[in-house]
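# Close look at the chain arrangement
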Amino acid sequence: MPASRRRDRSRRVPAALLVPAGLGLAFLVLPLAGLLIRAPWTTLPQRLVEPGVLTALRLSMVCATLATLVCLVLGVPLAWLLARVDFPGRRLVRALVTVPLVLPPVVGGVALLLVFGRRGLLGEWLDRTFGITLPFTTTAVVLAEAFVAMPFLVIAVEGALRGADSRYEEAAATLGAGRWTTFTHVTLPLVAPGIAAGGVLCWARALGEFGATITFAGSFPGRTRTMPLEVYLALETDLQAAIVLSLILLAVSVAILASLRDRWITA
């Protein structure tokens, strides 16, 4: 059979796959199209500059960025440990790391309260020793977002580490480089695209966090009321305002992912 005919046959899409694939695409795209169609475009500029919207957006951006930094500082070493060190119970640790992916966010918020609350495992000690109270503060928002978002970073970085060529690290070791030097000068540059991809996913997940935030941090304007909470509250009283807020979150998420995808995720 000629090579051209083989290529043409390989490009044919079976109807049994094309139909459900089209339905799946429609299922994902139609809700987003609904936001665009129902958006109050005529009053959009006025709604965007409302104080509550700007405050919630600024708080969401700051908290998501801080949560991502926390995840980078803690998650990258954890991913390296899972990818490079063979220790007893590694499968259990990996399973525990991925639990927040399937755990209902509200349950995560309750768990954070039981640990960092004023009567929690660590919160009581922090309150008694240092006078630090974490629940219902901006710090609680950052912790809640980091809790639900860190698995995205760990999974992405661990996958990048497993796919990286370890011969470069071995060569650095034979040339006398210490473990820390090898990690910072060889390993991190090798997996930089994976770290960037995980960081973007982590940031986007933190930006959209709702359940753990409202349970652990509450909803106080200017302090813990992020954009998802503002959307929920607006939905009860003003549908148009909820649509505008949702559009902002959609636009920010799409812009971040689109701008970084070609540079980092496909690297």
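Scope of this entry: the structure provided in the associated data block. All values derive from a computational prediction rather than experimental measurement.

## Observations concerning the overall build of the chain
- Looking only at helices and strands, the chain has 14 helices and zero strands in total.
- Starting at the N terminus and walking to the C terminus, you meet the elements of the chain as α-α-α-α-α-α-α-α-α-α-α-α-α-α.
- Taken over the C-alpha atoms alone, the chain extends approximately 65 × 60 × 30 Å along its principal axes.
- Burial analysis of the chain (267 residues in total) assigns 34% to the buried set.
- In the chain, 73% of the contacts between residues at least 6 apart in sequence involve partners at least 24 apart.
- Of the accessible surface of the chain, which amounts to about 15600 Å², a share of 69% is contributed by carbon and sulfur atoms.
- Positive and negative side-chain charges in the chain, numbering 24 and 15 respectively, have mean positions lying 9 Å apart.

## Considering the pattern of salt bridges
- In total, this model carries six salt bridges according to the counting rule given.
- Glutamate 158 is the partner of arginine 94 in a salt bridge, and the nearest nitrogen-oxygen pair spans 2.8 Å. Separated by 64 residues along the polypeptide, arginine 94 in helix 5 (residues 90–102) and glutamate 158 in helix 8 (residues 138–163) bring together distant segments of the chain.
- One salt bridge connects glutamate 209 with arginine 205, and the closest N-O pair in it is separated by 3.0 Å.
- A relative accessible area of 24% means that arginine 205 is categorised as partly exposed.

## Describing the environment of leucine 92
- Tracing the backbone through its elements, the reader meets leucine 92 in helix 5.
- According to the relative accessible area criterion, leucine 92 is exposed, its value standing at 55%.
- Separated by 33 residues in the primary sequence, leucine 92 and tryptophan 125 have C-alpha atoms spaced 28 Å apart.

## A look at the packing of helix 10 (residues 179–190) against helix 11 (residues 192–207)
- Running from N to C, helix 10 and helix 11 point in directions that differ by 65 degrees, and their axes come no closer than 4 Å. In this structure, helix 10 uses Leu188, Pro189 and Leu190 to contact helix 11, whose residues at the interface are Ala192, Pro193 and Ile195.
- Each residue belonging to the contact of helix 10 with helix 11 can be placed in one class, and the counts come to six nonpolar, no polar and no charged.

## A short note on the side chain of glutamate 209
- Tracing the backbone through its elements, the reader meets glutamate 209 in the loop between helix 11 and helix 12 (211–216).
- If we ignore the near neighbours within four places in the chain, the residues touching glutamate 209 are Pro105, Glu145, Val148, Thr226 and Pro228.

## Quick look at helix 2 (residues 15–38)
- For helix 2, which comprises 24 residues, the first-to-last C-alpha distance of 33 Å matches the rise-based estimate of 34 Å (1.5 Å per residue) to within 8%.
- Where helix 2 bends most, at valine 29, the angle is about 30 degrees, and the proline proline 31 comes one to four residues later.
- Here helix 2 lies mainly on the outside; zero of its 24 residues are buried.

## Examining the packing of aromatic side chains
- One pass over the structure, following the stated rule, counts four aromatic pairs.
- Both rings, one in tryptophan 125 and one in phenylalanine 130, keep their centres 5.3 Å apart while their planes meet at 85 degrees; by these two values the pair is edge-to-face.
- With 6.3 Å between their ring centres and 85 degrees between their planes, phenylalanine 136 and phenylalanine 220 make a pair best called edge-to-face. One end of the pair, phenylalanine 136, is in the loop between helix 7 (123–130) and helix 8; the other, phenylalanine 220, is in the loop between helix 12 and helix 13 (227–237), with 84 residues separating them in the sequence.
- Between arginine 223 and the ring centre of phenylalanine 220, over which it is positioned, the NZ or CZ distance is 4.5 Å.

## Looking at a nonpolar patch on the surface
- Where nonpolar side chains cluster on the molecular surface, the patch consists of Leu25, Phe27, Leu28 and Val29 and spans about 450 Å² of accessible area.
- Along the chain, leucine 28 turns up in helix 2.

## Considering the state of the cysteines
- Under the defined criterion, the tally for this structure stands at zero disulfides.
- You can see cysteine 63 has no disulfide; the closest cysteine sulfur is in cysteine 71, sitting 13 Å from it.
- Just so you know, cysteine 71 is unpaired, no disulfide at all, and the nearest cysteine sulfur is the one on cysteine 202, 3.4 Å from it.

## Re unusual backbone geometry
- In the Ramachandran plot, phenylalanine 136 falls in the positive-phi region, its phi being about 60 degrees despite a non-glycine side chain.
- For phenylalanine 136, a relative accessible area of 37% corresponds to the partly exposed category.

## Comments concerning the packing of helix 4 (residues 51–84) against helix 11
- The geometry of helix 4 relative to helix 11 is characterised by a closest axis approach of 9 Å and an angle of 140 degrees between their N-to-C directions. It follows that helix 4 is oblique to helix 11 by the angle criterion. The two elements helix 4 and helix 11 meet at a crossing, and its hand is right-handed. Between helix 4, through Ser60, Met61, Ala64, Thr65, Ala67, Thr68, Cys71, Leu72 and Val76, and helix 11, the contact on the second element is made entirely by Ile195, Gly199, Cys202, Trp203, Ala206 and Leu207.

The rules behind the values
- Residues numbered from 1 in each chain as written.
- Predicted model: local features only at pLDDT ≥ 70, side-chain atom pairs only at ≥ 80, totals over all residues.
- Heavy atoms only, no water.
- Helix = DSSP H or I, 4+ residues; strand = E, 2+ residues; numbered from the N terminus.
- Buried < 20%, exposed > 50% of the residue type's maximum accessible area, 1.4 Å probe, protein only.
- Contact = heavy atoms within 4.5 Å.
- Areas by Shrake-Rupley, 256 points an atom, 1.4 Å probe, with all protein chains shown as cover.
- Lys, Arg positive; Asp, Glu negative; His and termini not counted.
- Charge placed at Lys NZ, Arg CZ, Asp CG, Glu CD.
- Salt bridge = Lys/Arg side-chain N within 4 Å of Asp/Glu carboxyl O.
- Axes fitted to C-alpha atoms, helices over the stretch in contact; angles between N-to-C directions.
- Nonpolar A, V, L, I, M, F, W, Y, C, P; charged D, E, K, R; others polar.
- Expected span 1.5 Å × (residues − 1).
- Bend = angle between axes of the 7 residues up to and from the residue.
- Phe/Tyr/Trp six-rings, centres within 6.5 Å; stacked < 30°, edge-to-face > 60°.
- Lys NZ or Arg CZ within 6 Å of the ring centre and 35° of its normal.
- Patch = residues over 30% accessible without salt bridge, like charges linked within 9 Å, V, L, I, M, F, W, Y side chains within 5 Å.
- Disulfide = S-S within 2.5 Å.
- Parallel < 35°, antiparallel > 145°, perpendicular 65-115°, else oblique.
- Left-handed = near helix turned anticlockwise from the far one by under 90°.

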